[in-house]
Amino acid sequence: MTDLGPVAWPPAPIKTERLVLREPEARDRAAFIELLASSEVHTYLGGPRSRDELEREMPEVPGQWPGSFVVELDGSMIGQILLRRATEQHRPAAVGKTDLGYLFLPRAWGFGYAAEACAAALDWLTGALPGEPVVLATQTANVASMRLAAKLGFTEVERFEAWGAEQWLGMRSPVTPSD
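Just so we're clear, the structure is a prediction, and the values are computed from it rather than from any experiment.

(A) Just the pattern of salt bridges, in detail. Under the counting rule described, the total for this entry stands at 14 salt bridges. Of the charged contacts in the structure, one is a salt bridge between Arg-22 and Glu-72, with a shortest N-O distance of 2.4 Å. With Arg-22 in strand E2 (residues 19-22) and Glu-72 in strand E3 (residues 68-73), the pair connects residues that are 50 residues apart, well separated along the chain. Residue classification places Glu-72 among the buried residues on the basis of a relative accessible area of 11%. Of the charged contacts in the structure, one is a salt bridge between Glu-72 and Arg-27, with a shortest N-O distance of 2.9 Å. With Glu-72 in strand E3 and Arg-27 in the loop between E2 and helix H1 (29-37), this pair connects stretches of sequence that are 45 residues apart. Through salt bridges with shared partners, a single ionic network connects Arg-22, Glu-25, Arg-27, Asp-28 and Glu-72.

This is the structure in structure tokens:
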């Protein structure tokens, strides 16, 4: 479920110092396939999907739904940010809150792009839905994702076992705009 409630979609592209967060386009299809077929990207996400299957099933414009941002660097997609309403598939503590997800191509790792893009998406969400709590789940073994969660201000709500590994659920308290 990707319902973000009363948020107008798509928003104008969000520009950071180095990146653009924008709605997916047909030109992103090859990068989406690379992202979803990457064994490195999916180490902590249950494994990659088959490239052949993705080629057959991927729509012309992939990832086109409210809450799905392409992260672009120098005109090319390097990742995706997902903001979606957590449902009963998620942990009970997460249900009804906005869930932050992100995937980046391995060549974009280690440069701070994920932190920059996630912070921009969270800033946008704060403007669009003031007071909205946000959750993030990751495997505890994913050290880079755990560091990013802390850097973005997420604090641990619980740890749980799922998909054969220990998972971590964090929450970012709503940011209240100052007067």
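Still to come is the rest of the account.
(B) Quick peek at the packing of aromatic side chains. Scanning the model with the defined rule gives four aromatic pairs in all. Here the aromatic rings of Phe-69 and Trp-124 are separated by 5.4 Å at their centres, their planes lie at 80°, and the arrangement is edge-to-face. In this pair, Phe-69 sits in strand E3 while Trp-124 sits in helix H3 (residues 113-128), placing the two residues 55 residues apart along the sequence. Accessibility assignment for this pair places Phe-69 and Trp-124 in one class, buried. An aromatic cluster is present here, built from Trp-9, Phe-69 and Trp-124 joined pairwise through their rings.

(C) Representation of the pairing of strand E5 (residues 98-104) in the model. Burial of E5 is extensive: seven of the seven residues sit out of reach of the surface. Neither face of E5 is exposed, since Thr-98, Leu-100, Tyr-102 and Phe-104 on one face and Asp-99, Gly-101 and Leu-103 on the opposite face are all buried. The pairing of strand E4 (residues 76-85) with E5 spans seven bridges and is antiparallel. The residue of E5 that forms the bridge with Arg-84 is Asp-99. Bridging between E5 and strand E6 (residues 134-139) involves two bridges; their strand directions are parallel. Paired with Thr-98 across the strands is Val-134, a residue of E6. Each parallel crossover has a hand, and the one from E5 via H3 to E6 is right-handed.

Scoring rules and cut-offs
Residues numbered from 1 in each chain as written. Predicted model: local features only at pLDDT ≥ 70, side-chain atom pairs only at ≥ 80, totals over all residues. Heavy atoms only, no water. Salt bridge = Lys/Arg side-chain N within 4 Å of Asp/Glu carboxyl O. Helix = DSSP H or I, 4+ residues; strand = E, 2+ residues; numbered from the N terminus. Buried < 20%, exposed > 50% of the residue type's maximum accessible area, 1.4 Å probe, protein only. Phe/Tyr/Trp six-rings, centres within 6.5 Å; stacked < 30°, edge-to-face > 60°. Pairing = 2+ DSSP bridges. Right-handed = clockwise from strand over helix to strand, strands pointing away.

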